[in-house]
Amino acid sequence: MPDVDVLVVGAGPAGAVAAWHAKQAAPGLDVVLLERDRAIGAPVRCAEGVGDAGLREFANPDGADWVSRRITDVIFQAPDDTEVVLANCGLGWVLDRTRFDAFLAAQAAAEGATVLVGAEATAMARNGDDRWHVRVKQRGVDEVYRARVVIGADGVETMVGRWAGLDTRVPSRDMESCAQYVLQGIDFNPNAIYLQFSNAIAPGGYAWIFPKAVGVANVGLGLVSLKADGRNARQYLDSWIARRFPTGARTGYTVGGVIVHTTINKTYAAGVLVAGDAAHMINPLSGGGITNAMKAGRLAGRVAAEAICAGDTSERRLAAYHQAWMELLGEDHLKYYRIKHALENVDDESFNNLARTVNKIAAEKRTIGRVFAHALIKHPQLIPVAARFFV
Amino acid sequence: MRRVTPDTIAVVDLAVCDRCGLCLPLCPPEAIHLELNVLTVDRAACTGCEKCVGPCPVGALAMVAYA
């Protein structure tokens, strides 16, 4: 029975950074990072967009092989395809998650963490010895790991949280159903991400084009099924692509859920911390979760390491993680969540009008500040939409 | 607490399911499991609420008669 200090379940951005920072905070600890899939980073279930500042807290994207594309512009598209171009409005990146996630896991390994792929946690229980006993299946063989702290970074399924007795359920209205193709041979501005808002195209969410290279992009959408007309996300996406990119070659495909909720009420239990998508730490307005997950992973790794070094992994001690997260981003997400729900009442005609209003500002004067000033005057209920996308 | 047997319960079509896990946190009784790349609905726990059906991005979940 392997005895470890920190067992991290899930080697996405939250888990890899948690393992990395736990080991960095306390190099003497045994830290093990589990990945269920055969390769870290694959399959990609993500549009792969990330803001520059948050990313740089963890890794330098300049010249990195895990970057697909540097992004300088954002193009909002109204339901009637009217474009609002915000040129040079901030720097962002479209990643290659297959390489980026592996890069993060390699940082954890370089600090001395053990990384296991094809290793799935299938159950865990507390056995009265102040340790979690986690059953791990690897190549068909079950092994029980004893861990002082388990960090659940297991994504939307969030089984670690469930096993620890945390309420990780999501109301239907706060789940975005997403589908995405990698499209090749399509025409768009490769320096821009595109976001289209329309109840007919992606009710309760938006459709996106995130460039991977010239002529190649992640093209997808997320919707809230309660607002949909009975079709599923893939069917909505097929309709949108048939209209916008009828000749694009579909060379990749993914589906998944993005939880646009607020952080779960309790992200910790005795010997357990939950981070990233598993704790509903996605920005509920943008649906972005990569940097949030890394920031939560860093907090979780440090808090776990310090708790173990202090000989106290009690619920009370680990509550410090929840408080730190809420101060860092969790409180902001509560605000974004309220904005998102306020925007649900905006109809397609209002979005079309807003786009035309904003386009009256000369392109070279179209700073984010001026766009908001205009929006504020004409459509006060819409101001926050664009502002928060790169947060 | 005894469960009232529902008229219909959710089933998954594994030929369509993409194993994305979206439905797991939507299930109030936590009756859906994803283990070793296979999604299962626990028919003893499913309450027939249908909350998993509409959000599935590929339409892999459907309601069928319990019996």
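Predicted model, so just to flag it, every value in this text is computed and none were measured.

### Here's the deal with the overall build of chain B
Part 1: The helix and strand inventory of chain B stands at 0 helices and 4 strands.
Part 2: Since a compact globule built from 67 residues should have a radius of gyration of about 11 Å, the 11 Å found for chain B is in line with a globular shape.
Part 3: Projected onto the principal axes, the alpha-carbon positions of chain B cover approximately 30 × 20 × 20 Å.
Part 4: Looking at chain B as a whole, 31% of its 67 residues qualify as buried.

### Details of the interface of chain B and chain A
Part 1: Taken residue by residue, the interface counts 19 residues in chain B and 26 residues in chain A.
Part 2: For the side of chain B that touches chain A, the residue count by class is 12 nonpolar, 3 polar and 4 charged.

### Some words on the pairing of strand β15 (residues 216–223) of chain A
Residue and element names in this part refer to chain A.
Part 1: With 8 of its 8 residues buried, β15 lies for the most part within the structure.
Part 2: Side-chain alternation along β15 places Val 216, Asn 218, Gly 220 and Gly 222 on one buried face and Ala 217, Val 219, Leu 221 and Leu 223 on a second face that is also buried.
Part 3: Across 8 bridges, strand β12 (residues 175–184) lies against β15 in antiparallel orientation. Note on β15: the bridge partner recorded for Gln 184 is Val 216.
Part 4: Where strand β14 (residues 206–213) meets β15, 7 bridges bridge the pair, whose relative direction is antiparallel. Note on β15: the bridge partner recorded for Ala 213 is Val 216.

### Concerning the packing of helix α6 (residues 290–309) of chain A against helix α7 (residues 315–343) of chain A
Residue and element names in this part refer to chain A.
Part 1: Running from N to C, α6 and α7 point in directions that differ by 155°, and their axes come no closer than 9 Å. Regarding the angle of α6 to α7, the classification is roughly antiparallel. Here the hand of the crossing between α6 and α7 comes out right-handed. On α7, the residues that touch Asn 292, Lys 295, Ala 296, Leu 299, Ala 300, Val 303 and Ala 307 of α6 are Arg 317, Leu 318, Ala 320, Tyr 321, Ala 324, Trp 325, Leu 328 and Leu 329.
Part 2: Tallied by class, the residues present in the contact of α6 with α7 amount to 12 nonpolar, 1 polar and 2 charged.

### Side note on the confidence of the model for chain B
Part 1: On average, residues of chain B score 93 in pLDDT, and 96% of them reach the 70 mark or higher.
Part 2: Per the prediction output, this complex has pTM 0.94; the corresponding ipTM is 0.94.

### Here's the deal with the sheet that holds strand β7 (residues 92–95) of chain A
Residue and element names in this part refer to chain A.
Part 1: Strand order in the open sheet formed by 3 strands is β3-β7-β4, and the pairing between neighbours is antiparallel. Each having just a single partner strand, β3 (49–51) and β4 (67–71) make up the two edges of the open sheet. Going across the sheet, the axis of each strand differs from the next one's by a mean of 25°, ignoring polarity.
Part 2: Alignment of β3 against β7, held across 3 bridges, turns out to be antiparallel. Paired with Gly 51 across the two strands is Gly 92, which belongs to β7.

Calculation criteria
Residues numbered from 1 in each chain as written. Chains lettered and ligands numbered in written order. Predicted model: local features only at pLDDT ≥ 70, side-chain atom pairs only at ≥ 80, totals over all residues. Helix = DSSP H or I, 4+ residues; strand = E, 2+ residues; numbered from the N terminus. Rg over C-alpha atoms; globule rule 2.2 N^0.38 Å. Buried ≥ 20, exposed ≤ 12 C-beta atoms within 10 Å, placed from the backbone. Contact = placed C-beta atoms within 7 Å. Nonpolar A, V, L, I, M, F, W, Y, C, P; charged D, E, K, R; others polar. Pairing = 2+ DSSP bridges. Axes fitted to C-alpha atoms, helices over the stretch in contact; angles between N-to-C directions. Parallel < 35°, antiparallel > 145°, perpendicular 65-115°, else oblique. Left-handed = near helix turned anticlockwise from the far one by under 90°. pLDDT = per-residue confidence, 0-100.

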